[in-house]
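Each chain, written out:
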Amino acid sequence: MEPLPLETACVKAETYDYPVIKAGVDRLFELLDLNKLIKPGMKVVLKPNLLMKRTPEEATTTHPALVSAVAEKALEMGAASVLLAESPGGPYTKASLNAIYQASGMTQASGEHRFSLNQDFTYREMAWSQGKVCKAFNIISPLLDADLVISLPKLKTHGMTGLSGAVKNMFGSVPGLQKPELHYRYPAQKDFTNMLIDLWECIHPAITIVDAVEAMEGNGPSGGNPKHTGLLFASQNPYTLDLALAHLIDMPVAQIPILQNAILRELCPAEFSPSFMMGDSFQPVSDFKKPRKKNLDFVDVLPGFLQKPCKWVMEKALVPNPVIRKKDCIGCGKCAESCPQHIIQIRERKAEIHNRKQCIHCYCCHEMCPKKAIDLRRFFG
């Protein structure tokens, strides 16, 4: 497989008004010469981030204006059809997806613009012999049937991976509640994020366009708050794109394990450089709030006799644990449903975490809580 081009483009888009977003998408395609990738007659599939049932204003999901603009662009280039396909964090079912389509604005957008909403809830296994940690994935069928996949992430912070951007977005290609199974198979952060890289390389979207007009800061990917940046990003290369996003939110690569592993695998430059950027310039947002969890990768530089006790302190005292605020819990069971270790139960209409020693700190419960009733708390701080 040929190396991906490094070029990444950024354009300003201060609002979600459709003409503004469409002009931004057109310019991204022009800057990166992306028109050549879409051939007449192609079946194009758009893969947004539709994590859960949230409105566009909550900045949890990809905005429908961006989906609509990219769909129209693909059709202008001669695509025979454009389909939106995604597997959110909960069950991969018709009822669940249609509720999310409605809440996120995709149902209305698909009626106003020329794209369809996926109603095929099957999946198939795809072998990937080149995977570093995972050699096969179950993938939702529409992505496997596409002639061209365009990934449309939402820029968000993330409790486990630091950043939710280009690479992380493809985790939504794994059907429904099989995602917690992958957390269970790869509980170590390094293995899990290497699996995410394997997954992206397996599906290999042709284009990634990031919705960063209203990003999410703080305890993302669902418990944070909207943060205006007024920008769209695009690239064929998810790694330089994620480097650019990290630079924007002023997050060091050392706090983003996906990028750390991509660098070790020689898939990614060692650091952000303006040399691979095109379009509008931007400055880091210094007050962009980070997630509670951060990587503290300084143990290896300590004297040998201090490494073991320091690691114990980090793992036991500094790593945030999920804590349920029972006064805000509605007992919906989304946290229990998404927990790969099955250590959350609903009792008397409230969620309870049992046997905390088995918690692998994947934060699926925090991610999937519709009421933001699960906090991430450290023993200290």
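Residues numbered from 1 in each chain as written. Predicted model: local features only at pLDDT ≥ 70, side-chain atom pairs only at ≥ 80, totals over all residues. Heavy atoms only, no water.

1. Examining the pairing of strand 14 (residues 344–347)
Here is step 1 of the chain: The pairing of strand 14 with strand 15 (residues 350–353) spans four bridges and is classified as antiparallel. Paired with Ile346 across the strands is Ala351, a residue of strand 15.
Here is step 2 of the chain: Hairpin connection between strand 14 and strand 15: a loop of two residues separates the two successive antiparallel strands, and Glu348 in this loop has a positive phi of roughly 50°. (Pairing = 2+ DSSP bridges. Helix = DSSP H or I, 4+ residues; strand = E, 2+ residues; numbered from the N terminus.)

2. A short note on the environment of Glu86
Here is step 1 of the chain: Inspection of the secondary structure assignment puts Glu86 in the loop between strand 3 (81–84) and helix 3 (94–103).
Here is step 2 of the chain: Looking at Glu86, the relative accessible area reads 2%, which means it is buried.
Here is step 3 of the chain: Sequence separation between Glu86 and Leu264 is 178 residues, and the spatial gap between their C-alpha atoms is 30 Å.
Here is step 4 of the chain: With near-sequence residues (within four places) excluded, Glu86 lies in contact with Lys47, Pro48, Asn49, Leu50, Leu51, Tyr92, Leu97, Ile140 and Gly172.
Here is step 5 of the chain: A polar side-chain atom of Glu86 sits 2.8 Å from the main-chain amide nitrogen of Leu50. (Buried < 20%, exposed > 50% of the residue type's maximum accessible area, 1.4 Å probe, protein only. Contact = heavy atoms within 4.5 Å. Polar contact = N/O pair within 3.5 Å; in protein donor to acceptor, adjacent residues only side chain to side chain.)

3. Considering the packing of aromatic side chains
Note on aromatic pairs: each is described by the distance of the centres and the angle between the planes.
Here is step 1 of the chain: A complete count under the given rule lists six aromatic pairs for this structure.
Here is step 2 of the chain: Here the aromatic cluster, defined as three or more aromatic residues joined through ring pairs, consists of Phe233, Phe272, Phe276 and Phe282. (Phe/Tyr/Trp six-rings, centres within 6.5 Å; stacked < 30°, edge-to-face > 60°.)

4. A short note on the confidence of the model for the chain
Here is step 1 of the chain: Model confidence for the chain is summarised by a mean pLDDT of 92, while 92% of its residues fall at 70 or above.
Here is step 2 of the chain: Predicted confidence is poor over residues 294–302, with pLDDT under 50, and the contacts of this stretch with residues over four places away or in other chains come to 20 contacts. (pLDDT = per-residue confidence, 0-100.)

5. What about the pattern of salt bridges?
Here is step 1 of the chain: This structure, assessed with the given rule, holds 17 salt bridges.
Here is step 2 of the chain: Across the salt bridge formed by Asp280 and Arg27, the nearest N and O atoms sit 3.0 Å from each other. Taken together, the residues Asp280 in the loop between strand 12 (277–279) and helix 10 (304–318) and Arg27 in helix 1 (residues 18–32) connect sequence positions 253 residues apart.
Here is step 3 of the chain: Between Asp328 and Lys327 there is a salt bridge, with the nearest N and O atoms lying 3.2 Å from each other.
Here is step 4 of the chain: Residue classification places Asp328 among the partly exposed residues on the basis of a relative accessible area of 26%.
Here is step 5 of the chain: For Lys327, a relative accessible area of 70% corresponds to the exposed category. (Salt bridge = Lys/Arg side-chain N within 4 Å of Asp/Glu carboxyl O.)

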